[in-house]
Amino acid sequence: MAAKIIDGKLISSQIKDELKEKTALLKEKGITVTLAVILVGEDPASQVYVRNKKRACEYIGYNSLSYELPAETSQEELLKLIAELNSRKDVDGILVQMPLPGHIDEKTVIDAIDPSKDVDGFHPMNVGALCIGEKGFVSCTPAGVIQLLKRGCENFDIAGKECVIVGRSNIVGKPMALLMLRENATVTIAHSKTKNLEEVCKRADILIAAVGKAGVITADHVKDGAVVIDVGINRNEEGKLCGDVRYDEVAGKAYAITPVPGGVGPMTIAMLMNNCYEAALMHMNQ
Ligand code: GUN
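My aim in this report is to walk through the structure given alongside it, one point at a time. What you see is a predicted model; the values in this text were computed from it and never measured.

Quick look at the site of the ligand now. Around the ligand lies a shell formed by K53, L95, V96, Q97, M98, D120 and F122. Between Q97 and the ligand, the recorded distance is 3.1 Å, taken from a side-chain N or O atom to a nitrogen atom. At 2.9 Å, a backbone N or O of M98 approaches a nitrogen atom of the ligand. Contact with the protein chains hides 78% of the accessible area of the ligand, taken as 280 Å² for the molecule alone.

As structure tokens, then:
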């Protein structure tokens, strides 16, 4: 039987519509959610991401403040802007689009963001909170994967399932593992040094590919009836967008699968918008 296609576009639209309704209610109480977006330099992919984030704010009814700074901006200038935004009562979330130009240290910049405004969930305080099961902002892409599993796979319980995550980045692989653990899955993280990758992946009831290499996950990596989530966004030799998973061959074996594009991708912005809403609620009571 052909796999069920988990529709990230649809699920992200549902989440944004739910936020739009809740935001209208906040507005009636005189509260506007505000996200400050900082882009340094002119990387074309980053420009597209930032534009999409601002559009999502507009759709939901958030205020977005845009700071598009030249590539030569010094680290000091950027840190000064972050300090100013940290102290502003009207700013709920601060997002610094990555990657930053080489002369700016990303870690120093992330550490400078007030953890209560770190809607990307990159600050060590938020990563630590996730690690010990406390409240905090969760990195948007892995948070989106959880929503795809909960909303896109009806009658599928994560608890007790074998989950294999391929990739160990700070933004996806590691927080993904912690979130799946929070959902009571049995979690394995595989990576570039893993021996017998096929065998390890074949254990998975839920296989999450976050490698960043086109087509590394084949039908031989997938157990019959597994749920396969493809976090990769790559370009193949023809310049076409494709994931880490060889969709055509894996779809014949999986119970459910996310497409690329239209799977995990749209969820990242939806979860960013959700974090902004949560930030506003938090600041409302301060
Ligand atoms: N660059 C690529 N993805 C992201 C993201 O989720 N957040 C930020 N700030 N930069 C990114």
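Here we take up the layout of surface pockets. Considered as a void within the structure, the largest pocket measures approximately 1500 Å³ in volume. Along the walls of the largest pocket sit 49 residues, with Y49, T141, I233, G265 and T268 positioned nearest its centre. Contributing elements (two or more residues each) for the lining of the largest pocket: α1 (8-28), α2 (44-60), β4 (93-96), α6 (140-152) and α10 (265-284). Top contributing element to the lining of the largest pocket by residue count: α2, with nine residues. Split by residue class, the lining of the largest pocket holds 25 nonpolar, 14 polar and ten charged. One number sums up the size of the second largest pocket: a volume of about 550 Å³.

Under the 1.5 Å per step criterion, the end-to-end length of α6 is 17 Å for 13 residues, consistent within 8% with the ideal 18 Å. Inspection of α6 places C140, T141, P142, A143, G144, V145, I146, Q147, L148, L149 and G152 among the buried residues, and these make up the whole buried set. Buried residues along α6 sit against β1 (4-5), α1, α7 (173-182), β7 (206-209), β8 (227-230) and α10.

Side chains V227 and I229 of β8 all project onto a buried face; the interleaved residues V228 and D230 project onto the opposite face, where all are buried too. Here four bridges tie β7 to β8, and the two strands are oriented parallel to one another. Paired with I208 across the bridge in β8 is I229.

Let us now look at the sheet that holds strand β5 (residues 162-166). Strand order across the open sheet formed by six strands is β1-β11-β8-β7-β5-β6, with parallel pairing between neighbours. The open sheet has two free edges, formed respectively by β1 and β6 (186-190), since each of these has just one partner strand. Pairing analysis gives two bridges linking β1 to strand β11 (residues 256-257), with the strands arranged parallel. Bridge assignment links K4 to a residue of β11, and that residue is A256. Where α6 meets the sheet, its contacts fall on β1, β7 and β8, and the angle it forms with β8 comes to roughly 145°. Packing of α7 onto the sheet brings it into contact with β5, β6 and β7, and relative to β5 it is tilted by some 170°.

One can find P266 in helix α10. Along the backbone, P266 and T23 are 243 residues apart, and their C-alpha atoms lie at a distance of 20 Å. Not counting chain neighbours up to four residues away, the residues in contact with P266 comprise G8, K9 and S12.

Another point: unusual backbone geometry. Apart from glycine, the bulk of residues carry a negative phi angle, and the bulk of peptide bonds sit in the trans form. Here the bond from M98 into P99 is cis, since omega is 0°, no more than 30 degrees from zero. Mapped onto the elements of the fold, P99 is located in the loop between β4 and α4 (106-112). The residue after V260, namely P261, is reached through a cis peptide bond having omega -5°. Residue placement: P261 occurs in the loop between β11 and α10. If you check the backbone angles, N184 has positive phi at about 70° while not being a glycine.

What follows covers helix α5 (residues 124-131). Those residues of α5 not exposed but buried are N126, A129 and L130. Down the axis of α5, the buried side of the element spans an arc of 100°, and every buried residue falls inside it. Set apart from the buried face of α5 by more than 90 degrees, the exposed residues are M125 and C131. Contacts made by the buried residues of α5 are with α7. G133 sits one or two residues past α5 and shows a positive phi near 75°.

Cut-off values and rules
Residues numbered from 1 in each chain as written. Predicted model: local features only at pLDDT ≥ 70, side-chain atom pairs only at ≥ 80, totals over all residues. Heavy atoms only, no water. Near = heavy atom within 4 Å. Polar contact = N/O pair within 3.5 Å; in protein donor to acceptor, adjacent residues only side chain to side chain. Areas by Shrake-Rupley, 256 points an atom, 1.4 Å probe, with all protein chains shown as cover. 1 Å grid on protein atoms, 1.4 Å probe; cavity = no way out; pocket = protein on both sides within 12 Å on 5 of 7 lines; lining within 4 Å. Points joined across faces, edges and corners; volume = space filled by probe spheres on them. Helix = DSSP H or I, 4+ residues; strand = E, 2+ residues; numbered from the N terminus. Nonpolar A, V, L, I, M, F, W, Y, C, P; charged D, E, K, R; others polar. Expected span 1.5 Å × (residues − 1). Buried < 20%, exposed > 50% of the residue type's maximum accessible area, 1.4 Å probe, protein only. Contact = heavy atoms within 4.5 Å. Pairing = 2+ DSSP bridges. Axes fitted to C-alpha atoms, helices over the stretch in contact; angles between N-to-C directions. Arc of directions from axis to C-beta.

Nothing here speaks to function; it is all geometry.
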